[in-house]
Amino acid sequence: MKVSQTKITVKIYEPLLRDFDCQIDKLFIKRDAFLNAMIQKEVQHLASEMEGKLLTPNAKRYISGELKRMGTTQVNVVVDKTTADELNAIVKTSNMVRDAFINRLIMLLRSSSALLSHLELPDFITGSEFDSYVEPMPTSPMKAMEAVHADPLYYLRVSCLERHDSGLYLLDLPQKLAGFTCYMDESVVPGTKAYEQTQREAQAMLDELIDLEADAFQKP
């Protein structure tokens, strides 16, 4: 039975797309087929994390603007229609920037050492720290590839939950990667009233701490 497919247009950060294409070419993987499968696997996790979340118009504009400022390339990706529908449903209910998710997914699939170090996630699964969730890996190369394909972000996901009590799509990213954000609270969107209030409260707490320390040093 032939699966109905559709074409989606996405804007991907240029250096990320270049390195991703280079990697999949070396692995003899077809980009569209691979992304289709990966999006299909991850939409269920994205839906779970985004449940009850609603991006404000200010946050959505900020994320979209940050992604645009990073410099993107527009590409067409052929995916299963059911997968596109599931993703679009999440976008509609959460007001999420769809391209932010696609970029974040590709970034996680690549998971450079620098990114993992910044996010405090492991480069390798070794040692007793991971015994509780290490899955048996087939020695058959083809079966091993099938096992990884079944849940490619499994180890990153469980590590993220264990170390940060967060899912991969809600974990905070460096400011320069704000364009890859799936959800952002209004209070951290620069230029908003909520952000300014948060900054004032943070400054007030800092001033209070400085005053307390100053008083402590002045005591005989």
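Thresholds, definitions, all that
- Residues numbered from 1 in each chain as written.
- Predicted model: local features only at pLDDT ≥ 70, side-chain atom pairs only at ≥ 80, totals over all residues.
- Heavy atoms only, no water.
- Helix = DSSP H or I, 4+ residues; strand = E, 2+ residues; numbered from the N terminus.
- Buried < 20%, exposed > 50% of the residue type's maximum accessible area, 1.4 Å probe, protein only.
- Contact = heavy atoms within 4.5 Å.
- Areas by Shrake-Rupley, 256 points an atom, 1.4 Å probe, with all protein chains shown as cover.
- Expected span 1.5 Å × (residues − 1).
- Arc of directions from axis to C-beta.
- Core = buried A, V, L, I, M, F, W, Y, C linked by side-chain atoms within 4.5 Å.
- Axes fitted to C-alpha atoms, helices over the stretch in contact; angles between N-to-C directions.
- Parallel < 35°, antiparallel > 145°, perpendicular 65-115°, else oblique.
- Nonpolar A, V, L, I, M, F, W, Y, C, P; charged D, E, K, R; others polar.
- Phe/Tyr/Trp six-rings, centres within 6.5 Å; stacked < 30°, edge-to-face > 60°.

> I'd like a rundown of the overall build of the protein, residues and numbers included.
Counting secondary structure elements, the protein contains nine helices and two strands. Reading the secondary structure of the protein in the N-to-C direction produces β-α-α-α-β-α-α-α-α-α-α. Out of the 220 residues in the protein, the part that is buried amounts to 37%. Considering only contacts in the protein between residues 6 or more positions apart, those separated by 24 or more positions represent 81%. Entry remark: accessible area of the protein is about 13500 Å², with carbon and sulfur atoms responsible for 55%.

> Any details on helix α1 (residues 14–26)? Residues and values, ideally.
In a regular helix each residue adds 1.5 Å, so 13 residues correspond to 18 Å; α1 covers 19 Å between its end C-alpha atoms and thus fits that length. All buried positions along α1 are accounted for by L16, L17, F20 and I24. Here the buried residues of α1 occupy an arc of 95° about the axis, which is enough to place them on one side. Facing away from the buried side of α1, by more than 90 degrees, are the exposed residues R18, D25 and K26. The inward-facing, buried residues of α1 abut β1 (5–13), α2 (31–50), β2 (72–80) and α5 (98–110). Two residues or fewer past α1, F28 is found with a positive phi of approximately 60°.

> How would you explain the nonpolar core if you had to name every residue and give the values?
Counting residues in each nonpolar core, the largest one holds 45 residues, and the members touching the most others are I39, L46, L87, M96, F101, Y169 and F180. No other element matches α2, which puts eight residues into this core. Setting aside its immediate chain neighbours within four residues, L87 contacts I39, V43, L46, M96, R98, F101 and I102. Counting nine residues, the second-largest nonpolar core is a separate cluster that includes A59, A100, A178 and M184.

> Describe the packing of α2 against α5, listing the residues and the values that go with them.
Packing of α2 against α5 brings their axes to within 11 Å, and their N-to-C directions diverge by 105°. Our classification of the angle between α2 and α5 gives roughly perpendicular. Of α5, the residues touching α2 (which contributes F34, L35, M38, I39, E42 and L46) are F101, I102, L105, I106 and L109. For the contact of α2 with α5, the per-class residue count stands at 10 nonpolar, no polar and one charged.

> Residue-level account of the packing of aromatic side chains, with values.
For the coordinates displayed, the defined rule picks out four aromatic pairs. Pairing Y13 with F180 gives two aromatic rings, centres 6.1 Å apart and planes at 65°, and the pair type is edge-to-face. Taken together, the residues span a long stretch of sequence, with Y13 in strand β1 and F180 in the loop between α8 (154–164) and α9 (193–218) at a distance of 167 residues. What makes Y13 partly exposed here is its relative accessible area of 24%. Owing to a relative accessible area of 2%, F180 belongs among the buried residues under this scheme.

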